[in-house]
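# Structural characterization, general
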Amino acid sequence: MGCPAACWVALLLCTGGSLSKPTLRKERVVHPDPQLSDQLHEDNQSFQYDHEAFLGKEEAKTFDQLTPEESQEKLGKIVDRIDDNKDGYVTTEELKNWIKRVQKRYIYENVAKVWRDYDLNNDNKISWEEYKQATYGYYLENPEEFQDATDQNSFKKMLPRDERRFKSADLDGDSAATREEFTAFLHPEEFEHMKDIVVLETLEDIDKNEDGFVDQDEYIADMFAHEEGGPEPDWVLTEREQFSDFRDINKDGKMDKEEIRHWILPQDYDHAQAEARHLVYESDVDKDQKLTKEEILQNWNMFVGSQATNYGEDLTKNHDEL
C-alpha cells in the first residue's frame, strides 16, 4: 500500500528528490487477517497454535516461562479486558476482536514509537497542521530545492494525498487525530472505513495515463521495470494471464475500482473468527454460547501456556504485559 509522505522523506532527500523505479516484483494484495500462528492447529498434540492466536507469538513465549499459578492470574486480568461491555461474559465477537487486536499489536506499537514526533503540543492528539509541519515543513519553507522532484512520490503530489487520507481517518471531523485515527491514517489497509482510500491510492499509483482505469501494461509496469528490449521473466507472463483471466472480471481489458478492490482486498478466510468460535466451543461448559471467567480459567491451558506446558524453548526475554 502507499504510505504517507513521512516514510518517503529520507529517501527523497538522499536521492536528490527522485526515487528509482522498483526492479523487483511489488506485492499490493492486502491480507488483513493472515494465519494466526505458524504452528499446526492440532489440539490433540499441543495448544501452541491457540496460545499464539490468543496472545501473539512473542507474548505466548513469556507465558511459557511462568508457573501455572502465574499464568492463570495473568489470564484472569486479560479476560477482564476482553469483556468489553463488562457484563461478566466473553462472547465470540469479543474474543474475535481481542484476537484481531493482538495480531495487530505491532501496528499500534509502530504508532506509539512515532507519536511524539507529530504530537508537537503534547495534547495527545495529532492535528493535520502538526502532521503537515513535521512532515512537510522543510519542503514548504524551501520549495526551490524540490523543483526537480518529478517522481510520483514528490512532496507536491503527496501533500494533498496525505491530507485526503487524514480527513478520511479523522472520523469526528475535528482535524485532529486520536491514536486510533492516526493508526488508521498510517495503516489504512487495516481499517474497514479506509478501504476506499486504499483502492483509490492504488489506482492513482498505477494509472499512468490517468484515465481512471488500470490496463494490463500498467498492471505489469507496477510490478516489473522492463529493460528496453529485454525478455520478460516467466512470472510476468503468468501475471499477464492472471490479469486477463481473473483481474479483469468484466473482460473490458482494464480494471475499474471494484475490480482493483477485488484484487488487493480479497475476502479471505477469517482466521480470528474461526479461532474465537473454537475457543468458545471447547470451553463453554454450560453451552450458552458465551464464556464466564470461570469457564476460561477452568480450561486455562488452552488459552495460555506455562512452565508446565513449555515446549522446550528456553526463552527469557521480557515483554510488556498485554
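If you check an unreviewed UniProt entry, the chain appears there as Reticulocalbin 1 from Pelodiscus sinensis. According to its UniProt record, the chain has this under Subcellular location (unreviewed entry): "Endoplasmic reticulum".

### Some details on the overall build of the chain
What the chain contains, in helices and strands, is 16 helices and six strands. When each of the 322 residues of the chain is scored for burial, the buried share is 43%. Relative to all contacts within the chain whose residues are 6 or more apart in sequence, the contacts with residues 24 or more apart total 65%. Carbon and sulfur atoms form 48% of the exposed surface of the chain, whose accessible area is close to 17800 Å².

### Side note on the environment of Ala-53
By the element assignment, Ala-53 lies in helix 2 (residues 48–55). On a C-alpha basis, the gap between Ala-53 and Ala-276 in space is 9.3 Å, while along the polypeptide they are 223 residues apart. Sequence-distant contacts of Ala-53, that is, excluding residues within four places in its chain, are made with Leu-36, Ile-99, Val-102, Gln-103 and Glu-275.

### Considerations on the UniProt feature "domain: EF-hand" (unreviewed entry) in the chain
Summarizing the sequence annotation, UniProt attributes the feature "domain: EF-hand" (unreviewed entry) to residues 70–105, 106–141 and 194–229 in the numbering used throughout. As annotated, residues 70–105 comprises 72% helix and 6% strand, and the C-alpha atoms at either end are separated by 23 Å. End-to-end, the C-alpha atoms of residues 106–141 are 34 Å apart, and along that stretch the chain is 75% helix and 6% strand.

### Some remarks on the environment of Arg-161
Structurally, the position occupied by Arg-161 is in helix 8 (residues 155–169). Taking the C-alpha atoms as reference points, Arg-161 and Ile-197, separated by 36 residues in sequence, lie 9.8 Å from one another. Engagement of the side chain of Arg-161 in a polar contact is seen with the side chain of Asp-205, the distance being 2.9 Å.

### Here's the deal with the nonpolar core
Ranked by size, the top nonpolar core spans 28 residues in total, and within it Phe-54, Leu-75, Leu-95, Ile-99, Phe-303 and Val-304 carry the most contacts. Put simply, the parts of the chain that give this core at least two residues each are helix 2, helix 3 (57–63), helix 4 (68–82), helix 5 (92–103), helix 14 (271–283) and helix 16 (300–303). Every residue in contact with Phe-54, bar those within four places of it in the chain, is listed here: Leu-75, Ile-78, Ile-82, Leu-95, Trp-98, Val-102, Leu-279, Phe-303 and Val-304. Counting 20 residues, the second largest nonpolar core, distinct from the first, contains Trp-128, Tyr-136, Phe-182 and Ala-184.

### Overview of helix 13 (residues 257–264)
Within helix 13, burial applies to Glu-259, Ile-260, Trp-263 and Ile-264. End-on view of helix 13: buried residues confined to an arc of 120°, all on one side of the axis. Relative to its buried face, helix 13 has exposed residues pointing more than 90 degrees away, namely Glu-258 and His-262. Tucked inside the fold, the buried residues of helix 13 contact helix 10 (195–206), strand 4 (214–215), helix 11 (216–223), helix 12 (234–247) and strand 5 (254–255).

### Here's the deal with the packing of aromatic side chains
A complete count under the given rule lists 14 aromatic pairs for this structure. Ring geometry for Tyr-118 and Tyr-131: centres 5.2 Å apart, planes at 35°, overall tilted. One end of the pair, Tyr-118, is in helix 6 (residues 105–118); the other, Tyr-131, is in helix 7 (residues 128–141), and 13 residues separate them in sequence. With respect to class, Tyr-118 is no different from Tyr-131; both count as buried. By way of ring pairs, the aromatic residues Trp-115, Tyr-118, Trp-128, Tyr-131, Phe-166, Phe-182 and Phe-185 are connected into one cluster. Geometry around Tyr-89 places Lys-290 over its ring, the cationic atom sitting 4.2 Å from the centre.

Reading the values: the criteria
- Residues numbered from 1 in each chain as written.
- Predicted model: local features only at pLDDT ≥ 70, side-chain atom pairs only at ≥ 80, totals over all residues.
- Heavy atoms only, no water.
- UniProt positions renumbered as here; feature names shortened; annotations may be inferred.
- Helix = DSSP H or I, 4+ residues; strand = E, 2+ residues; numbered from the N terminus.
- Buried < 20%, exposed > 50% of the residue type's maximum accessible area, 1.4 Å probe, protein only.
- Contact = heavy atoms within 4.5 Å.
- Areas by Shrake-Rupley, 256 points an atom, 1.4 Å probe, with all protein chains shown as cover.
- Polar contact = N/O pair within 3.5 Å; in protein donor to acceptor, adjacent residues only side chain to side chain.
- Core = buried A, V, L, I, M, F, W, Y, C linked by side-chain atoms within 4.5 Å.
- Arc of directions from axis to C-beta.
- Phe/Tyr/Trp six-rings, centres within 6.5 Å; stacked < 30°, edge-to-face > 60°.
- Lys NZ or Arg CZ within 6 Å of the ring centre and 35° of its normal.

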